[in-house]
Amino acid sequence: MSPRPRGSLRALPRATLPVCVLIAVLSGAMAYAINVVHDTQGGHGRTARTTVTASASSSSSSSSSSSSSSSSSSSSASLSSHQQSPSSSSSSHSSSSSLGGKRQRQNVLHSPPSSSASSSASSPPSAMSSKPVKLQIKGFKSTPSLPQDFEQRGWDTLRSAVRAIYSSEAVPQNLETLYRTTEQLCSHKFDARLYERLSAECEAHARATLNSLLASSEDDDSFLVCMKHTWDDYCAQQKFIRSIFLYLDRTYILQNKEARSIWDLGLHYFGSIVLANDQIRARILRALLAVVALERDGSTIDRMLVRGLLQMLRVLDLYVEVFENEFLETSRAFYRRESLANIHVLDSAKYLEYCSRRLEEEKERVAVYLGDSSEKALVALTEQELIAIHADTIVGRGFDEMMGEGRVATLALMYSLLARVDRLQLLADRWRLYISSKGADIMKKSDADSALVSDVLAFKRMCDSVLQDSFGLNTDFKDAMNGAFEQFMNAQPTKPPELLAKYVDRMLRSGNRSCTEGELDSVLADVIILFRFVKGKDIFQAFFRKDLAKRLLLGKSASIDTERVMIQKLKEECGPQFTSKFEGMFKDVDLSKELMHSFKNSKAAGAIASDVDFAVNVLTTTFWPPYAPATVKLPIDMTFYQDVFKEYYLEKHQGRQLSFLHALGHCVLKANYPKGRRELCVSLFQAVVLLLFNDGHKFVYTDIRDATGIGIQLLFFLFFFIIFTSFCANLCSGPPLC
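Residues numbered from 1 in each chain as written. Predicted model: local features only at pLDDT ≥ 70, side-chain atom pairs only at ≥ 80, totals over all residues. Heavy atoms only, no water.

Examining the nonpolar core
Formed by 82 residues in total, the largest nonpolar core has its most connected members in Phe399, Trp431, Ile435, Phe485 and Phe544. If we ignore the near neighbours within four places in the chain, the residues touching Phe399 are Ile394, Leu411, Met414, Leu427, Arg430, Trp431, Tyr434 and Phe471. Counting residues in hydrophobic clusters, the runner-up holds 67 residues, among them Leu213, Val291, Leu316 and Val322. (Core = buried A, V, L, I, M, F, W, Y, C linked by side-chain atoms within 4.5 Å. Buried < 20%, exposed > 50% of the residue type's maximum accessible area, 1.4 Å probe, protein only. Contact = heavy atoms within 4.5 Å.)

Now the structure itself:
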C-alpha cells in the first residue's frame, strides 16, 4: 500500500455530529470545502442538505505558461448531497447517502487533487496570495421518495400479527419489529388509514366471537364458564395488540378526540356486537340469577366466576342495563315470599335472627362479587321486605316477652333492625306502654307499702339496664321511660311521696342493716330519680321533715354525713328553698350540743344529780314540724331539772321563750327485774308511767291517769307497751330494750 500523499485529504470518521467540516490544502492554492449536514425531518422523511463551496486562487511562481499555471494554481471543490455518478471529475470523490428509518447520514470526501495541483501544493506558502472567498449555497437537485408499496407491506406485516393474536397462534415477527413498523407508518402520515384498518380487524373478530358463542349448545352453567374464558382471552388479546400499536395510540389517537384508544376500541366492539345480542344477554342474565338463587338457598357456587362476569358487565358499562335492574326485582320477590312464610312460623326472636342473618349474607355477597354500586339498593329492599313491612307484628308480638325475660341482646337486635327502616318510634311507643302497664301492676300488687318502693326501684334499674344496653341511651326512649314512670307513680297523688319518704327514713335509721354505706349512697341516688317523677313533692317534704326530726332528736340516724348528702341531693333537685328547713334543723342540733356543753360546765349544772344525764335540744319553731301540745304531770325531779335549765337559758338569751315539747322527750331507765337489771329506752310518757312503780306494785287505771295526767287513748297504748316490755324482760337478758 503506497503512502498517503502529503497534500491529500483525510476522511473524517462517521459520526452523529450535526456538522462535518472538511478542509483540503492543495499545492499552489488553498481550497476550503465545508460540508454542512443538517438533519431536519420534513415532508415524507426527506433530509434537507446544505452544501457550501469555497474557492481561492493564487498566482504561481513557476516558469510555466500562464494558461497552464492558472489551471494548476486554482482548484475548486464541490460538495453534493446526492450520490454522484461514476463520471464525476477526478478532483472529488463520489459521496454516498443512505436512507434508513427516520434519519439519513451522508459523508462527503474530496479526492486528492490532480498532479498539477499536487505539484503546486509543494510551493512555499509565501507564493500564495490571498483573495476574497466566495461562498455558494446549493440545494438538492431531487427529493428522496418512499417505495410505492411501503404502506401495504407494513400493513401486511401488522395484519398478519393481529390475526395471529386473535387466532391464539404464534406471531411470526418479534414485538420490536412490529412496533417499528407501526412507528414508520405513523411517521409517514399513514396513521389514519392504519387506525381504520385496525378497527375493521377488531370488529371482524368481535363478530366471529359472537358467532362462536351463538353456536354453543352448552347448559347455562357451562355457558357462564365459556363466556368467562372468552372475555379473559379477548382482554389478553386486546392488551397484546395495544402493545404493538402503542405508537399509534400515543400519537394519532391523542390528537383526534373522536378516535377511541386501542383498548376502548376493543371494548366498544365487544359490548356493541357480542353483548348487544339479545340471546347472549338473556342467557347471561338467566344463568347469573340462577346461580345467586342457589347460593341463597344454601348451595355453594363459584363466586369468582360470577365476580368475573359481573366485572365484565361493569367494564362495558352494561351492569345496570343487563343485570342489576332485573336482579333487584328478583331479590325483592324472593324476600317477600320468604318473609311471609317465616313471620307466621317463627317467634319474634327467631325472626329477628333470621333477618339479621339474611342482611349479613347480602352484605357479604356485595363485598365478594356484586360490588359497592349495588349495596345501597339491595340492602334497602331487603330491609323493606323483611323488617319494615312486618314491623308492627315483630314489636307487638314479642316485645313484652323479651322485657319480662330480660333478653337484652334480643332487644338490642330489634332496636338495630328497626333503626334501619326508621321505625324506632313504634318501638319507643311500645316501650312506654309496657313501663306504664308494668308500673301500674306494681303499685296495685305490692304486698305491703314498705315493699312498694323497693319493687319500683328494682323495676327502674331493669329499665335503665335495657335503655343502656339495648337502646344505646337513645333520648327518645329515655323520655318515653321517664314519662311512663311519671304517669303510673302519680296515679295516686299522695301515696307514692309518703311511701318514698318512709323508705328513705328506713334507709337512714341506725338500725338499718340491709345495705352498706356504699350501697346506701346508690339507693339514695335511685330514690332521687323516683322523686323526680313525683308531683306531690310538698307531701314528700312534710313526711321527710317529720322523720328527720325524730332521727335527729332521738339519735337514730345511721350517719349524719349521709343525712347531709341526702339533703344536698334534694337541694340540687328542688333548689335551696326546698331544703332550708332541713338545714335549719341540723343547725339547731349543732347549737344545742354547744349549749349543753356550756350548761354542764356552769354552776347551774351542780343542782342536777350526778347519776342523771340531762340533755335538752333547743329547737327553732319555724324549722321543725309542728307538734300538738301534750299535758303530762312530770315527777318532781324532772320538773326541777327543767326549771334549772330554763333559768340558765333565759339568762343567756333574754327576750326568748322556752316551751318544752314533752311528746319529743325520751328517757333511758334502769329497771330491776327478777332475772336481772335492764335498761329501757322509752318515751317521756312511758317513763312517767313506769316511775310510778317505784312507789308501789299495783295501780288501777284511774290512779295512773290522775297521777300522770295523760289522756285515755295514749294511756291505753302505754299499758300495752308496759305489759309487752315486762314480758320480754322476764324472758330474756341482753341489751337495753327500746
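Having put the structure on the table, let's press on.
Topic: the packing of aromatic side chains
What the rule picks out here adds up to 28 aromatic pairs. Considering the side-chain rings of Phe323 and Phe327, the 5.1 Å spacing of their centres and the 15° angle between planes classify their relative orientation as stacked. Of this pair, Phe323 and Phe327 both sit in helix α12 (residues 319-343), separated by four residues, roughly a single helical turn. The two residues Phe323 and Phe327 agree in class, both being buried. Linked through ring pairs, Phe599, Phe614, Phe640, Tyr641, Phe645, Tyr648 and Tyr649 together constitute an aromatic cluster. Directly above the ring of Phe531 sits Lys537, whose terminal nitrogen or CZ lies 5.2 Å from the centroid. In this structure, Arg551 packs its charged tip against the face of Phe544, placed 5.6 Å from the ring centre. (Phe/Tyr/Trp six-rings, centres within 6.5 Å; stacked < 30°, edge-to-face > 60°. Helix = DSSP H or I, 4+ residues; strand = E, 2+ residues; numbered from the N terminus. Lys NZ or Arg CZ within 6 Å of the ring centre and 35° of its normal.)

Some words on empty space enclosed by the protein
Rolling a probe over the atoms, with the probe sized like a water molecule, indicates the empty space that remains. Applying the stated criterion across every chain, the model contains two cavities of 30 Å³ or more. A volume near 50 Å³ is recorded for the largest cavity. Lining the largest cavity we find Leu452, Val453, Val456, Met489, Pro496, Leu499, Leu500 and Leu530. At the level of elements, α18 (449-469) and α20 (495-508) are the ones that each hand at least two residues to the lining of the largest cavity. Across the lining of the largest cavity, the residue classes break down as eight nonpolar, no polar and no charged. (1 Å grid on protein atoms, 1.4 Å probe; cavity = no way out; pocket = protein on both sides within 12 Å on 5 of 7 lines; lining within 4 Å. Points joined across faces, edges and corners; volume = space filled by probe spheres on them. Nonpolar A, V, L, I, M, F, W, Y, C, P; charged D, E, K, R; others polar.)

Focus: the side chain of Arg365
Within the fold, Arg365 resides in helix α13 (residues 348-370). Taking relative accessible area as the criterion, Arg365 reaches 2% and is therefore assigned buried. When neighbours within four sequence positions are excluded, Arg365 is seen to be in contact with Val292, Glu295, Arg296, Tyr335 and Leu370.

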